[in-house]
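So you can see what is in the structure, the chains are spelled out below.
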Amino acid sequence: MINMITTILYALLAVVSLAYLADYLLAWNDDPKEPPRLRARIPLIGHLIGIIVSGPSYHSVIRNDETTEIYTLGILNYKLYTSVSTRLLPLIQRQSRALSFRPMIQTVARKWGDANDETDRLFRETDLITEFSHVMKTSLAPGPQLDEMNMRMAQRALVDLDLLLGDGKDKKIKLLEWARFAITQASSCGVYGNQHPFLDDKVYEAFWAWHAHLSAHISGINFDILSHGYHARAVVFAAHAKYCTSIPPDTSSLFLSRWQCLLSAGLSVSEASKQQATLPIGMLSNTVPTFFWTIYEIFSRPALLSSIRSEILTFAITTSGPRHILNLTNLKTSCPLLLSTFQETQRTRHIHAAIRKVTTNTLLDSGKVLLKEGNYLQMPGHAIHYSQSTYGPTARDFVPERFMDPNLKRGGADFLAWGAPPHLCPARQFAATEILILVAMLVVRTDIHPAEGTEWEEKPGLEFADPVTVLNPKRDVEVVVRVRGEKEGGWEVEMGDWVS
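One structure accompanies this document, and this report is about it. Quick caveat: nothing in here was measured; it's all calculated off a predicted structure. (Residues numbered from 1 in each chain as written. Predicted model: local features only at pLDDT ≥ 70, side-chain atom pairs only at ≥ 80, totals over all residues. Heavy atoms only, no water.)

**Thoughts on the overall build of the protein**
- Broken down by element type, the protein carries 22 helices and 13 strands.
- When the 500 residues of the protein are sorted by exposure, 51% land in the buried category.
- Considering only intrachain contacts with a sequence separation of at least 6, the fraction spanning at least 24 residues in the protein is 73%.
- Surface accessibility of the protein: about 23200 Å² in total, with carbon and sulfur atoms responsible for 56%. (Helix = DSSP H or I, 4+ residues; strand = E, 2+ residues; numbered from the N terminus. Buried < 20%, exposed > 50% of the residue type's maximum accessible area, 1.4 Å probe, protein only. Contact = heavy atoms within 4.5 Å. Areas by Shrake-Rupley, 256 points an atom, 1.4 Å probe, with all protein chains shown as cover.)

Listed below in structure tokens is the structure:
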């Protein structure tokens, strides 16, 4: 027995020693111009474990020097270059070919869209990605096409608000669950038209079941042993195949332009419909938690809630008889505290690391920094948003007025909630409009408080496994929604003179 234990201990010691030796040998080949390597306590996989366990805070924890602008995390035989510097961002952006986002799009098409070999080849070897990105940006740019999407979205949002509040009685709901449903229905009406796939409860539930497995599916580290995620995806694929056989006339320019682009590139109808089924991932994944946390941050601060409510009632709402009208132009141009609170929610809750593949050896910063081909570069928004050198001594605090105060405000390269230029989220106008409409309606029409106790939890646990830019809470929050009697009657949304 003792001999067996001794043998096991020696074997473990040998494995650990080999791991440290391998880690040392991999670092031995580092070029002096490469970003300095930050060592993990566990060789080879320590940084991977740290990112999984600590989530977005890992990049802040591991930095031992606030002045370090870029460093290297070694994960097995790969290097993950990590830039936490807004000074380097413009230099990185100029290298869009050498530091490419295209491999990420190709991976999504293959892993989430289940691209076959021919579709994969088209994404890799033709101009499909360039054309696809162009039609996305064009369809979602401010103008009549986006206005149509916004109006369908707004009308559906009002339906779900009326379903929640219509009888005037207090309602106990799970806040994330309701936010997920409301955003899914409103967004889908905007993008697909009023007869969209997610009206079917089975398709709706299947999408969110698939969504829970997205990280595993794209990483290849797949714990979906029973293939629940893939079965759920098949339901979403089938619903989109059915939808694409008879696309309704009120579908958005976004959906139609993507569809025509895919078919023109040479994809079969079945392959194109599968790629279209990935659209709601981008449409819903980040809008839901951003909406959730904006509600959470506002309603957990009574004084802030009162100020935002007064602002909206004064500048964005008009009443005509029994009808109350929310003017979207005024909401976006005359309610600075609401907008600032929304942006501050994004700043403090954003965790996404914009990632690029290094496709060729690349020099940055007048040749001082070398990034080697085949590795990856990431720019973690959390580390930049929480940097005191960027956002000052209150960087770690939630300051609702931050984006109203010229002494506190940061913008441009310092604000990465919508991505890192030139790859900004093309749907940012649509998503922001949706969130602001729903938040404004809840602020004016309801009081919301936790169902258990009187205090909102200060730092709820977060779900690190989701492939999102804003993390969901680890557990849902039960709240009571109470209708305010101040603005009873019918509601509508008007665009006003402003174009999306």
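**Overview of the sheet that holds strand 7 (residues 353-358)**
- Strand order in the open sheet formed by five strands is 1-2-10-7-3, and the pairing between neighbours is mixed. Edge positions in the open sheet fall to strand 1 (70-75) and strand 3 (99-100), since each of these has one partner strand only.
- Direction of pairing for strand 7 relative to strand 10 (residues 376-380): antiparallel, over a ladder of five bridges. Directly across from K357, in strand 10, lies its bridge partner Y376.
- This element, helix 5 (residues 102-111), spans strand 3, strand 7 and strand 10 of the sheet and lies at about 100 degrees to strand 7. (Pairing = 2+ DSSP bridges. Axes fitted to C-alpha atoms, helices over the stretch in contact; angles between N-to-C directions.)

**A short note on the pattern of salt bridges**
- Overall, the coordinates contain 26 salt bridges when judged by the stated rule.
- Between D30 and K79 there is a salt bridge; the shortest N-O distance is 2.8 Å. Of this pair, D30 sits in the loop between helix 1 (2-28) and helix 2 (46-54) while K79 sits in strand 2 (residues 78-83), and the two are 49 residues apart along the sequence.
- D30 sits in the partly exposed class, given a relative accessible area of 21%.
- A salt bridge links R323 to E492, with the shortest nitrogen-to-oxygen separation between them at 3.5 Å. (Salt bridge = Lys/Arg side-chain N within 4 Å of Asp/Glu carboxyl O.)

**Quick look at the side chain of S188**
- Following the sequence through the fold, S188 ends up in helix 9 (residues 175-192).
- Classification of S188 as buried rests on a relative accessible area of 0%.
- From its side chain, S188 meets the backbone oxygen of T184 in a polar contact 2.6 Å long.
- With sequence-adjacent residues up to four places away left out, S188 is seen in contact with I183, G193, H196, F198 and M283. (Polar contact = N/O pair within 3.5 Å; in protein donor to acceptor, adjacent residues only side chain to side chain.)

**Focus on the side chain of R347**
- On the secondary structure map, R347 appears in helix 19 (residues 336-349).
- Of note is the side chain of R347, whose polar atom sits 2.9 Å from the backbone oxygen of A395.
- Discounting chain neighbours no more than four positions away, the residues touching R347 are H385, Y386, Y391, T394, A395, D397, R402, F403 and F415.

**Some remarks on the sheet that holds strand 12 (residues 478-483)**
- Taken in spatial order, the three strands make up an open sheet running 4-12-11, and their pairing is antiparallel. Single-partner strands in this sheet number two, and they are strand 4 (171-174) and strand 11 (446-450). With strand direction ignored, the average angle separating the axes of adjacent strands in the sheet is 30 degrees.
- Sheet analysis places strand 4 next to strand 12, joined by four bridges and oriented antiparallel. From the neighbouring strand, I173 faces strand 12, where its bridge partner is V479.

**A closer look at the nonpolar core**
- Of all hydrophobic cores here, the largest spans 97 residues; its most connected members are W210, F291, F299, I312, L326, L331 and L338.
- Considering every element that reaches this core, the biggest residue donor is helix 22 (residues 428-445), with twelve residues.
- By size, the runner-up hydrophobic cluster in this structure holds 17 residues, among which are L91, V358, L364 and M379. (Core = buried A, V, L, I, M, F, W, Y, C linked by side-chain atoms within 4.5 Å.)

**Considerations on the packing of aromatic side chains**
- Summed over the entire model, instances satisfying the criterion amount to 17 aromatic pairs.
- Considering the side-chain rings of F198 and F207, the 5.7 Å spacing of their centres and the 70 degrees angle between planes classify their relative orientation as edge-to-face. Considered together, F198 and F207 belong to a single accessibility category, that of buried residues.
- A ring pair is formed by F292 and Y296, whose centres lie 5.9 Å apart and whose planes are at 35 degrees; its orientation type is tilted. Pair noted here: F292 and Y296 are both in helix 16 (residues 287-299), with a separation of four residues, about one helical turn. You'll find F292 and Y296 in the same group, each marked buried.
- One aromatic cluster is present, built from ring pairs that chain together Y192, F198, F207, W208, W210, F237, Y243 and F255.
- Between R347 and the ring centre of Y391, over which it is positioned, the NZ or CZ distance is 4.9 Å. (Phe/Tyr/Trp six-rings, centres within 6.5 Å; stacked < 30°, edge-to-face > 60°. Lys NZ or Arg CZ within 6 Å of the ring centre and 35° of its normal.)

**Thoughts on helix 13 (residues 253-265)**
- For helix 13, spanning 13 residues, the distance from its first C-alpha to its last is 18 Å, which sits close to the expected 18 Å at 1.5 Å a residue.
- All of the buried residues in helix 13 are L254, F255, S257, R258, W259, C261 and L262. (Expected span 1.5 Å × (residues − 1).)

**Topic: the packing of helix 7 (residues 128-139) against helix 13**
- Running from N to C, helix 7 and helix 13 point in directions that differ by 165 degrees, and their axes come no closer than 9 Å. As far as their axial angle goes, helix 13 and helix 7 are roughly antiparallel. In the crossing of helix 7 with helix 13, the sense of the turn from one axis to the other is right-handed. Facing helix 7, whose interface residues are L128, E131, F132, V135, M136 and S139, helix 13 presents S253, L254, S257, R258, C261, L262 and A265.
- A breakdown of the residues in the contact of helix 7 with helix 13 according to their chemical character gives eight nonpolar, three polar and two charged. (Parallel < 35°, antiparallel > 145°, perpendicular 65-115°, else oblique. Left-handed = near helix turned anticlockwise from the far one by under 90°. Nonpolar A, V, L, I, M, F, W, Y, C, P; charged D, E, K, R; others polar.)

**Observations regarding helix 10 (residues 201-211)**
- When helix 10 is considered as a whole, its buried residues turn out to be V203, Y204, A206, F207, W208, W210 and H211.
- One side-chain oxygen of the residue at the start of helix 10 lies 2.8 Å from the amide nitrogen of K202, identifying that residue as D200.

**As for the packing of helix 17 (residues 302-315) against helix 22**
- At a closest axis distance of 9 Å, the pairing of helix 17 and helix 22 adopts a crossing angle of 105 degrees. The angle between helix 17 and helix 22 falls in the class roughly perpendicular. Contacts between helix 17 and helix 22 involve L305, I308, R309, I312 and L313 from the former and A440, V443 and V444 from the latter.

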